[in-house]
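# Structural overview for review
Okay, here's what each chain looks like letter by letter:
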Amino acid sequence: MGVSEEIRKKLLPRFRETTADRVEKISGALLELERGAGTPEALDELARELHTLKGEARMMGFVGISSVVHAAEDLLKALPKDSPGERLDALLRACGAIVPMLDAPAEGGDAAGKLAESLRALIAGPRGAPEGAAEVSTVAASPAPGPSPSHASSSATATTSTTTSTTSERAAPAAPAPAPARPAAPSPEARLELRGDKPAASIRVDVDRLDEIAALAGDVLVEGERAIRRSRDLNALFARWGRLSDRVIALAERLRDARTARLVEQIEGDVHLLRSDTFRFARAQTEAASSSQAQFGMLAERIGEARLIPLSGVLAGFPLAARDMAREQGKEVECVVRGGETGVDKAILLSLNDPLVHLVRNCVDHGLETPAERVQAGKPRAGKIVISARVDGDLLAVTVEDDGRGISPQKVRASALRKGIIGEQQAASLSARNALDLIFMAGFSTREQAGETSGRGVGLDVVRKRVTALGGSVTVESEVGKRTRFTLRMPQSLSLMKVLLVRIDEDVYGIPAVDVDSVGRLDPKEATEVAGIRAVRYRGRLMPVVALGPLLSLNGGPRSKRPLVAYVDHGSEGAAVVVDGLHGEREVAVKAPGAFLKGMRFVTGAAALEDGRVALLLSTPDIVAAARRLASPALARGRDRRRLRVLLVDDSAIAREAEAALLRSLGHEVDEAVDGEDGWRKLQTGSYQLLVTDVQMPVLDGIDLTRRVKATPRFVKLPIVIMSSLSAPEERRRGVDAGADAYIVKGELEAESLAATLERLCGVGA
Amino acid sequence: MSTRDPFDVQQKPKARAAAPRAAAAKRRNTVVGADAARIAVVLRGFAEGNYDGRVDAGAIDDPGLRAIAEAVNGAASAVVEDLRQAHQRVQIVTAGIDEAIEAMIRLVIQGDLSGSLRAGSTDSALTPLIAGIGQVMETLKKFVTETREAAMQLSTSSAEVLAAATQNESSTSAQASAIHETTATMEELKGASHQIAENAQMVAAIAEQTLSGAKQGEGAIKAFMGSMEKVRHNAVEVDDAIAKLSKRVERIGTVVEVIDEIADRSDLLALNAALEGAKAGEAGRGFSIVAAEMRRLAENVLESTKEIKNLITEIREATHAAKEASDGNKREASEGEKLGGNAMASVSGILSGIQETSDAARVIHLATQQQRTATEQVVQSMSEIEEVTRQAQAGSKQATGAASELTKLAERLAELVKRFKVE
Amino acid sequence: MAEPKEAQQPESGAQASAPEAWFFCLRLLGGRYAFEAPLVTEVVRLGPLTRLPAAPAFLPGVFTHRGEVLPVLDIAQLVGQGSVSLRPSTRAAIVHCGPWKVAVVSDSVEGLVAIPRRQLEPPPAESSGVAEFLSAVGRDRAGAIAILDLPRLVETARARAVPAGSAAA
């Protein structure tokens, strides 16, 4: 090897990049040659590039690449001027093989050797061994396993066995179309394949096993964190021991006399020695812990990378499938895939397939017009569908865009109304964006009849559900008559994710860091009330303010006046989420929550913390949706309600404001009290028609307040609603026993249910 | 007082009228002898007071002489006439004077000076007399008044003198009795100091005894404190022992915890082993039995550790109680020491007190002796004083007598003066 | 007194013919309950719990074991008859029911008991509370044991925790 491992490691990414560029350049030049447009200068350039490539590869230790390039160089020199076709083909194929080899073991294995040999064989005679070219291209309809996506190899047996079995459980794959495209291959439609040889430069590893390794690596990472913590503790212990040894020495000094002098000296010497040894050990231990932690981190990252599979494995089949689908409907389509080289987690890749298939079908089915319509609208006959993938921070964003008729919010609204998904007033109050969002509702389909291609029970609601389950989101934008764009966002990898750790009560939860815009303290002065919703203006945008604890039906909830808040973003929506504590941003190894919890609201995964606890990772879409629901005013119905004078008793300022906002949004007049005693006082002076109280409060709690009120003849008819974060049945019983007329759990607090309760208690409403 | 003054006033005018006539006769004698002689003879008679003689004026040839003789005859007749008239007037005046004097005497005899003198005659010649008498009366009145006042003053003064004398006398006698008493007291004092001297001697003796007793007490307290310190020291040792014991017990507790943990893990392990055995079916049966056995063992251990833990708790409680007791001992010992110290302090206070008392008693004894001597001297002096006082007392008695005489006199004088009526 | 005899007899007989079944026995709701031992993969000490958001009370939280995130299932809460008090020393039996893996907590774990299948009797015909999930009643030396139909129980728990339709198929 030319360079030290360390330098190599540093240079490797650069090398990969430049090599890809070089290969592209070389391929371009070869194509020029093929067209007969090659000049002697171009040929020289080509030779130089090859030579440089060979040198770099050798230096970086890519022996395989080096040998292949070396053979190519020789072949190029021996290139006959007249009919270079076949040899040029071989050179082009070799070029195509080089990039994948970058990710394969350095020596390149047998495949490299054979490739080099086949090239050399061509120098000797015009014809090599014409082996079946087609078989390779049909192989990889699904992603290749293992760290090396060397599609050229026919590791298909193992691959398909894992993937197809998984996919077949789900909806049928998009199309049985061949997926010839190779990641990072210079020309996507090139039907290049390596003739018959199998570059077994990779080890076939079952993806599940790799996942296990990744999970273990994640655990090891946590273990490393724990080791660092332990070494900190160890240092503290040693510091204590150091102080003690000082005292021991001082004592020995004091006790020293003629008889014991020797012994004291000995003891002193021993103590000093022992102390310096322990400190040396402690230092070494600390260093070791932190360096191993760093290595564990690298290990986890590498394994995470190794698990990433190029999206092209899924995307490559789409152009053909789209064309076939369109043809069935008499439509024409040109489907373009961009960013196929983007790597994603296997689990993501597998889960992404169905939603993408559905979206593409949706484009073809609903989005694109017939050629006639298109021509009439002044568009090209053939519709265009662009599937593009890119990495946006930690997130993978995949868009599916068509230039079809777009989606009309009005039609969506009407259709939703007809299907009873929404009420009339609700429909009237929906914004265009929110109306578009209706297409993700279960049971929604704008087509009256299920089409051939889409609408077979798998609706956009399933798409959303799938993506959300991966911790992602799906949004839609549309311009009527011009285009529709669906954007899927999800973590690129499920194994490692940056999360913001927040504390609620004693427990720690994670929010994907990409969704967190910023954190800070909520100044009550900055919070405003807009249409009965408590909101805060944040970067020019109004965000509803919600306390995460109650939102998740967990206890806790900050008692601070200026609580900590995380501004969470999800697509076009956001929320200011109030938490009890912030534990910083951390890259965590994400674990699946397990089959039993799969699909549970709010939970997308879990991560082990160094103290042995679990941080549950929360779903941003769920949080935002719940926040919106909590904050959404039922104003539409509120108009024809009777206005009630309500006394609201809650010691938490945040909870109180949220509840007051909710009550006000229902059209009621709200007075607030900060504890039971305060409430009792206010009750004496004002004439209220309803008392809403929290349970856990200082001075006088809600239960005692309820008892007191119900024991007073004046107030015996005053309806009391207890709103508490305590959801246990015995808590409810306690509330009802005290005389409460209703018991609402804060996490379940929603405008509709509250309105229903008030209706029941006070006869308000129509 | 003199009664001559009014007469004096009566004689002066007579002398004044005689002198010019004598002078004229002499001068005629010189001019004409014989005739003149005859005229002289007549004139001499005149001079002798014989106004009856006349010169025959016809007889005398000389005209001058004759005119003289005629003038002498005329003069003699005028003089006779004048004389008669003067006589008459003298009679009247005399009567007036007599009357006045009579009145005055009467007034004086009666002592009434208040009224004024009424003149029976209006003769102007009497006016000076009456005025003089009035003046005399006035003077008299004034004199009486002054006398009266003086008498009164005298009376008062003499009364005062008497009072003073009496006072003097009584105070002198009081002094005498006081001195007598003092002397008696001094006698008593003499006896008392003797008593004191004796008592002081006794106190000194007692103090001496007490001192030795207190010294013994001091020794006893010192011994007590020594034993208290020992008690405390013992308590500290007990404390140390207890502390060591509880430390060991804590260590046992730690070890038991470890054992507990191991047993708990063993229990789990055995449980899981049993599960594995069960999965292995019939082949795992023996395995399961062993696992169950192991579990029972672990449970036994857990039970034992529970017992040990209970024991530890008991020991902990016992050591705690022992610690409490030893703390109590320590507290009491130090309390005792404190009390001993207090007693010691009191005893040394007492000791020094007694010492002082004894010293004081001795001083008192000495002082009383000196005092006795002094008292005796005082008694001696006192008796001398008494003698003098007695003399003084007699003197003052005499003085009182004189003063009272004087007073009586003054009173009589005042009485006398009172008889004059002045106003 | 007759009990040991009774218990021994089938045991000797079982060796010959009828297979004995192992049951995993635990104390719950003041009684002895058991379920098929093969469902239990492991018994562990309950780690520190993290509460599940918007979860029913019978799922008090999750913890990790061997790198896996496991939900804790409190059967007592599920059947609405009290709750298990969770301590660090509480034993959790990790059970595998179909696709689901949960940690079942109980007041204490008794261990494995072997009861011949023949001796199992049908449960009383009640259908309230825990009786709903009983599959049989058996006896051993220590007395009666109620056999739980754990798969059904877990299934019910899952259905209640994640209402059908909200989960991605």
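Residues numbered from 1 in each chain as written. Chains lettered and ligands numbered in written order. Predicted model: local features only at pLDDT ≥ 70, side-chain atom pairs only at ≥ 80, totals over all residues.

### Examining the overall build of chain A
- Helix and strand counts for chain A stand at 25 helices and 23 strands.
- Per-residue burial for chain A yields a buried fraction of 46% across its 766 residues.
- If you take every contact in chain A between residues at least 6 apart in sequence, the share linking residues at least 24 apart comes to 72%. (Helix = DSSP H or I, 4+ residues; strand = E, 2+ residues; numbered from the N terminus. Buried ≥ 20, exposed ≤ 12 C-beta atoms within 10 Å, placed from the backbone. Contact = placed C-beta atoms within 7 Å.)

### Let's talk about the interface of chain B and chain C
- Contact with chain B, which involves ten residues of that partner, is made by eleven residues of chain C.
- Elements represented by at least two residues in the side of chain B that touches chain C include exactly α4 (126–279) and α5 (285–418) of chain B.
- With seven residues, the top contributor of residues to the side of chain B that touches chain C is α4(B).

### Some thoughts on the interface of chain C and chain A
- If you look at the interface, chain C gives 26 residues, while chain A gives 33 residues.
- Elements supplying a minimum of two residues to the side of chain C that touches chain A: β4 (61–65), β5 (68–74), β7 (100–105) and α3 (150–161) of chain C.
- Among the elements that take part in the side of chain C that touches chain A, β5(C) stands out by supplying four residues, more than any other.
- Here the residues of the side of chain C that touches chain A are counted per class, giving 17 nonpolar, five polar and four charged. (Nonpolar A, V, L, I, M, F, W, Y, C, P; charged D, E, K, R; others polar.)

### Observations concerning the sheet that holds strand β20 (residues 669–673) of chain A
All names here are of chain A.
- Taken together, the five strands give an open sheet; going across it, the order is β20-β19-β21-β22-β23, and neighbouring strands pair in parallel fashion. Single-partner strands in this sheet number two, and they are β20 and β23 (742–745). If you compare each strand with its neighbour and ignore which way they point, the axes differ by 20° on average.
- Relative to β20, strand β19 (residues 645–649) runs parallel, the two sharing five bridges. For Leu-647, the partnering residue across the bridge sits in β20 and is Asp-671.
- Here helix α23 (residues 702–710) sits on the sheet and contacts β19, β21 (690–693) and β22 (720–724); the angle it forms with β22, its principal contact strand, is near 175°. (Pairing = 2+ DSSP bridges. Axes fitted to C-alpha atoms, helices over the stretch in contact; angles between N-to-C directions.)

### Comments concerning the environment of B:Ala318
- Topologically, B:Ala318 is positioned in helix α5.
- Judged by the 14 C-beta atoms lying within 10 Å of it, B:Ala318 falls in the partly exposed class.

### What to know about α23(A)
All names here are of chain A.
- Buried within α23 we find Gly-702, Ile-703, Leu-705, Thr-706 and Val-709. With its buried residues spanning 160° around the axis, α23 presents them on a single face.
- Contacts made by the buried residues of α23 are with β19, α22 (676–685), β21, β22 and α24 (729–738). (Arc of directions from axis to C-beta.)

### Considerations on unusual backbone geometry
- For A:Phe602, which is not glycine, the phi dihedral falls at a positive 80°.
- You will see that C:Ala54, though not glycine, has its phi angle at about 50°, which is positive.
- Locating C:Ala54 in the fold gives a position in the loop between β3 (40–45) and β4.

### Describing the packing of helix α2 (residues 34–48) of chain B against helix α3 (residues 63–110) of chain B
All names here are of chain B.
- Where α2 contacts α3, the two axes come as close as 10 Å, and the packing angle between them is 15°. Taken together, α2 and α3 sit at an angle that is classed as roughly parallel. In this structure, the crossing between α2 and α3 has a hand that is left-handed. On the side of α2, the interface is formed by Asp-35, Ala-36, Ile-39, Val-42, Leu-43 and Phe-46, while α3 contributes Leu-65, Ile-68, Ala-69, Val-72 and Ala-76. (Parallel < 35°, antiparallel > 145°, perpendicular 65-115°, else oblique. Left-handed = near helix turned anticlockwise from the far one by under 90°.)

### Describing helix α9 (residues 261–307) of chain A
- In this model, α9(A) (47 residues) spans 67 Å end to end at C-alpha, consistent with the 69 Å of a helix rising 1.5 Å per residue.
- The inward-facing, buried residues of α9(A) abut α8 (207–255), α12 (346–367), β8 (496–504) and β16 (581–591) of chain A. (Expected span 1.5 Å × (residues − 1).)

### Quick word on the pairing of strand β1 (residues 20–28) of chain C
Residue and element names in this part refer to chain C.
- Among the nine residues that make up β1, eight are buried, leaving the element largely enclosed by the rest of the structure.
- Looking at chain direction, β1 and strand β8 (residues 108–116) are connected through eight bridges and run antiparallel. Its bridge partner lying in β8, Trp-22 is registered against Ala-114.
- Pairing between β1 and strand β2 (residues 31–36): six bridges, direction antiparallel. Following the sheet pairing, Phe-24 is matched in β2 by Phe-35.
- A loop of two residues connects β1 with β2, the two strands running antiparallel in sequence, and Leu-29 in this loop sits at a positive phi of about 50°.

### Notes on the nonpolar core
- Of all hydrophobic cores here, the largest spans 159 residues; its most connected members are A:Val546, A:Ala576, A:Val577, A:Val578, C:Phe23 and C:Leu73.
- Formed by 49 residues, the second largest nonpolar core is a distinct cluster that contains A:Leu308, A:Val333, A:Val474 and A:Phe486. (Core = buried A, V, L, I, M, F, W, Y, C linked by C-beta atoms within 7 Å.)

### Observations regarding the environment of C:Leu73
Residues and elements named next belong to chain C.
- Turning to its location among the elements, Leu-73 is positioned in strand β5.
- Residue Leu-73 is classed as buried on the basis of its C-beta count, with 27 C-beta atoms lying within 10 Å.
- In sequence terms Leu-73 and Val-102 are 29 residues apart; their C-alpha atoms lie 6.5 Å from each other.

### Examining the sheet that holds β7(C)
All names here are of chain C.
- Judged by pairing direction, the sheet is mixed, and its five strands sit side by side in the order β3-β6-β7-β5-β4 without closing on themselves. Strands with a single pairing partner mark the edges of an open sheet, and in this sheet they are β3 and β4. Averaged over all pairs of adjacent strands, the angle between strand axes in this sheet comes to 35°, irrespective of strand direction.
- Across the face of the sheet, α3 comes into contact with β5, β6 (91–97) and β7 while running at roughly 90° to β6.

### Some points on the confidence of the model for chain A
Residue and element names in this part refer to chain A.
- Considering every residue of chain A, the mean pLDDT works out to 75; 80% of them sit at 70 or more.
- Contacts for the low-pLDDT stretch residues 448–457, under 50 throughout, to residues beyond four places or in other chains number 14 contacts.
- Note that pLDDT drops below 50 for residues 634–640; the model gives that stretch 18 contacts with residues more than four away or on any other chain. (pLDDT = per-residue confidence, 0-100.)

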